[in-house]
Amino acid sequence: MCTTCGCGVADDIKIQMPGDLATMVSDLNIEAHHDHTHSHHHHHDDRTIIDVEQDILQANQLLAERNRGYFLGKNIFAINLVSSPGSGKTTLLEKTLADNKDKKKFYVVEGDQQTMNDADRIDALHIPVVQINTGKACHLDSDMVNQAVIKLNPEPDSIVMIENVGNLVCPSAFDLGENARVVIVSTTEGDDKPIKYPDMFAGSDVCIINKIDLLPYLNFDVEKAKAYARQVNPNLIFFEVSATTGEGMNEWYEWLLSKK
Amino acid sequence: MHELSIAMGIVAIAEKEAKKANVAEIKAIDLEIGTLSGVEIESLNFAWPMAVANSVLEKAEKRIHLIKAKAKCMDCGFDYNIENLFDTCPKCGSYFKDIYQGKEMRVKSLEV
Ligand SMILES: Nc1nc2c(ncn2[C@@H]2O[C@H](COP(=O)(O)OP(=O)(O)O)[C@@H](O)[C@H]2O)c(=O)[nH]1
Ligand SMILES: [Mg+2]
Ligand SMILES: [Zn+2]
Ligand SMILES: [Zn+2]
Ligand SMILES: [Zn+2]
């Protein structure tokens, strides 16, 4: 088992829209790529060595690049939203969609181990949404996103928001084919999160500091959190927001909409 | 990190290569894992028996070659060994760096 999160083999994945019957990924099982490896064999004594030189996550990477090509071809901007559970990914999505859905066409892919709850929250805003239930797996991968996006069939020139499974560790290794990765850290977490989970911050383009409405009650130091995050990734773009009060959200919208 | 997925990925690669080479069993596998790849060797070792059960790797000796992470400072050009993603240039203190080695997660070769 994955000792970080206790996840197991992905054999019970469901991908569905609110009101749908579930599609099991394991039934579809796309053969993501054909083989590009050129293996060389050489012989010593009675042993044969096959040179493989292959990246272990290559299958995920290839399909991620295919997703990226799909987004490029349709002029779609896709973001991969990552954070610990409860940092406010769904709340930030709800607020962003409610405030901008008249300006832009949005689509949402929701990732959780179980339940349609987050998809139902997005569905309530009349935004097309597909829920991926990863079962025991602790992250989305490019194959799941590929199937969810095909199901959504987004219009050209739209924005696709992908909410990853709440987890600051495992999703960092899995490229989904997004155009930007956005990591959320909330003020109820430690301001040293960026150096405790450096991989996630190193691989992100944007860092949103959420729940700033709670700052008066906490000892979260925003500048310290930013300094830690910059140590890992000096190129990060920061937004300080409250997804519930709306404070600071306009700067984030400007960035998001300027991408199209 | 995601060591069971990693182990399953390794098995998938080995199965494919074994099929191409027309062998039923692999004697040994050489892996290259960077020290900043995010792979915990202990977790990988722990996940290994479950992942390789009933596969061509079931009896294979697993040899892990650790690749030390290295970075080049983007401000002063200094080349240094790096242990954490947040390490700074020992010469000028800059955080801007190009980590050019140490993120590998690779199946190097198979012995059949
Ligand atoms: N005070 C405050 N609470 C928030 C904010 N954003 C989210 N929350 C609350 O945090 C909890 C978890 O939010 P949710 O969006 O479900 O987090 P997710 O697991 O990352 O999707 C909910 O109770 C939200 O109401 C915020 O900006 N301020
Ligand atoms: Mg959520
Ligand atoms: Zn995990
Ligand atoms: Zn995992
Ligand atoms: Zn330097």
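Now for a look at the structure at hand. Note that this is a predicted model, so its numbers are computed, not measured.

The rules behind the values
Residues numbered from 1 in each chain as written. Chains lettered and ligands numbered in written order. Predicted model: local features only at pLDDT ≥ 70, side-chain atom pairs only at ≥ 80, totals over all residues. Heavy atoms only, no water. Core = buried A, V, L, I, M, F, W, Y, C linked by side-chain atoms within 4.5 Å. Buried < 20%, exposed > 50% of the residue type's maximum accessible area, 1.4 Å probe, protein only. Helix = DSSP H or I, 4+ residues; strand = E, 2+ residues; numbered from the N terminus. Salt bridge = Lys/Arg side-chain N within 4 Å of Asp/Glu carboxyl O. Donors = N, O, S within 2.8 Å, 3.2 Å for Na, K, Ca; no water. Tetrahedral: all angles 85-135°; square planar, octahedral: opposite > 155°, others 65-115°. Phe/Tyr/Trp six-rings, centres within 6.5 Å; stacked < 30°, edge-to-face > 60°. Lys NZ or Arg CZ within 6 Å of the ring centre and 35° of its normal. Pairing = 2+ DSSP bridges. Near = heavy atom within 4 Å. Polar contact = N/O pair within 3.5 Å; in protein donor to acceptor, adjacent residues only side chain to side chain. Areas by Shrake-Rupley, 256 points an atom, 1.4 Å probe, with all protein chains shown as cover. Nonpolar A, V, L, I, M, F, W, Y, C, P; charged D, E, K, R; others polar. Axes fitted to C-alpha atoms, helices over the stretch in contact; angles between N-to-C directions.

Thoughts on the nonpolar core
The tendency in soluble globular proteins is for nonpolar side chains to be buried as a group.
Next up, step 1: The biggest cluster of nonpolar side chains holds 31 residues, and the ones touching the most others in it are Ile10, Ile26, Leu57 and Val107 of chain B.
Next up, step 2: Considering each element in turn, this core owes the most residues, eight residues, to helix H1 (residues 3–21) of chain B.
Next up, step 3: Residues Leu92, Ile208, Met249 and Tyr253 of chain A belong to the second largest nonpolar core, which totals 29 residues.

Some words on the pattern of salt bridges
Two side chains carrying opposite charge are able to pair once their charged atoms lie near each other.
Next up, step 1: For the structure on display, the rule yields 18 salt bridges over all chains.
Next up, step 2: The closest approach of N and O atoms between Arg121 of chain A and Glu94 of chain A, which form a salt bridge, is 2.9 Å. Within this pair, whereas Arg121 of chain A is found in helix H4 (residues 117–123), its partner Glu94 of chain A is found in helix H3 (residues 89–100), the two being separated by 27 residues in sequence.
Next up, step 3: With relative accessibility at 32%, the residue Arg121 of chain A sits in the partly exposed group.
Next up, step 4: With a shortest N-O distance of 3.1 Å, Arg63 of chain B and Asp30 of chain B are connected by a salt bridge. Here Arg63 of chain B is found in strand S2 (residues 61–67), whereas its partner Asp30 of chain B is found in strand S1 (residues 28–34), with 33 residues between them in sequence.
Next up, step 5: Accessibility expressed as a relative area gives 24% for Arg63 of chain B, which makes it partly exposed.
Next up, step 6: Three or more residues joined by partner-sharing salt bridges are found here, namely Arg47 of chain A together with Asp30, Glu61, Arg63 and Glu111 of chain B.

Focus on the coordination of the zinc ion (ligand 5)
Residue and element names in this part refer to chain B.
Next up, step 1: Taken together, the protein ligands of the zinc ion (ligand 5) are Cys73 (SG), Cys76 (SG), Cys89 (SG) and Cys92 (SG), with distances of 2.3 Å.
Next up, step 2: Every donor counted, the four donor atoms about the zinc ion (ligand 5) form angles of 105 to 113° at the centre, which fits tetrahedral coordination.
Next up, step 3: What makes Cys76 partly exposed here is its relative accessible area of 39%.
Next up, step 4: A relative accessible area of 39% places Cys92 in the partly exposed class.

A few points about the packing of aromatic side chains
Next up, step 1: Taken as a whole and assessed by the stated rule, the structure comprises six aromatic pairs over all chains.
Next up, step 2: With a centroid separation of 5.9 Å and an interplanar angle of 80°, the aromatic rings of Tyr70 of chain A and Phe71 of chain A are classed as edge-to-face.
Next up, step 3: With a relative accessible area of 1%, Phe71 of chain A lands in the buried category.
Next up, step 4: On the numbers, 5.8 Å between centres and 15° between planes, the contact of Trp252 of chain A with Trp255 of chain A is stacked. Taken together, the positions of Trp252 of chain A and Trp255 of chain A, both in helix H9 (residues 249–258) and three residues apart, correspond to about one turn of that helix.
Next up, step 5: According to the relative accessible area criterion, Trp255 of chain A is buried, its value standing at 11%.
Next up, step 6: By way of ring pairs, the aromatic residues Phe77, Phe239, Trp252 and Trp255 of chain A are connected into one cluster.
Next up, step 7: The ring of Trp48 of chain B is capped by Lys62 of chain B, whose NZ or CZ atom sits 5.2 Å from the centre of that ring.

Examining the pairing of strand S10 (residues 206–210) of chain A
Residue and element names in this part refer to chain A.
Next up, step 1: Judged by how many residues are buried, S10 sits mostly within the fold: five of five residues are covered.
Next up, step 2: As paired strands, strand S9 (residues 180–186) and S10 are joined by five bridges and run parallel to one another. Each residue of the ladder has a partner; that of Val182, found in S10, is Val206.
Next up, step 3: Pairing of S10 with strand S11 (residues 237–240) involves four bridges; the strand directions are parallel. Across the sheet, residue Val206 finds its bridge partner in S11, namely Ile237.

A closer look at unusual backbone geometry
Next up, step 1: Even without glycine at this site, Asn153 of chain A takes up a positive phi of about 45°.
Next up, step 2: Tracing the backbone shows Asn153 of chain A in the loop between helix H5 (142–152) and strand S8 (159–163).

Thoughts on the site of ligand 1
All names here are of chain A.
Next up, step 1: Lining the immediate surroundings of ligand 1 are 17 residues, of which Gly86, Lys89, Thr90, Thr91 and Asp213 lie closest.
Next up, step 2: Within the contact set of ligand 1, an oxygen atom lies 2.8 Å away from a backbone nitrogen or oxygen of Lys89.
Next up, step 3: Taking Ala243, its main chain carries an N or O atom lying 2.9 Å from an oxygen atom of ligand 1.
Next up, step 4: Isolated, ligand 1 exposes 580 Å² of accessible area, and the fraction of that covered by the protein chains is 71%.
Next up, step 5: No other element matches H3, which puts three residues into the shell around ligand 1.
Next up, step 6: Its residues assigned to classes, the shell around ligand 1 shows three nonpolar, nine polar and five charged.

Description of the sheet that holds strand S5 (residues 97–101) of chain B
Whether parallel or antiparallel, the strands of a sheet pair through hydrogen bonds between backbone atoms.
All names here are of chain B.
Next up, step 1: Spatially, three strands are ordered S4-S3-S5 in an open sheet, and the strand pairing comes out antiparallel. Every interior strand has two partners, whereas the edge strands, strand S4 (79–81) and S5, have only one. Ignoring which end each strand starts from, the neighbouring axes of this sheet average 35° apart.
Next up, step 2: Bridging between strand S3 (residues 70–73) and S4 involves three bridges; their strand directions are antiparallel. By the bridge assignment for S4, Lys72 is matched with Asp79.

Just distances and angles here, no functional claims.
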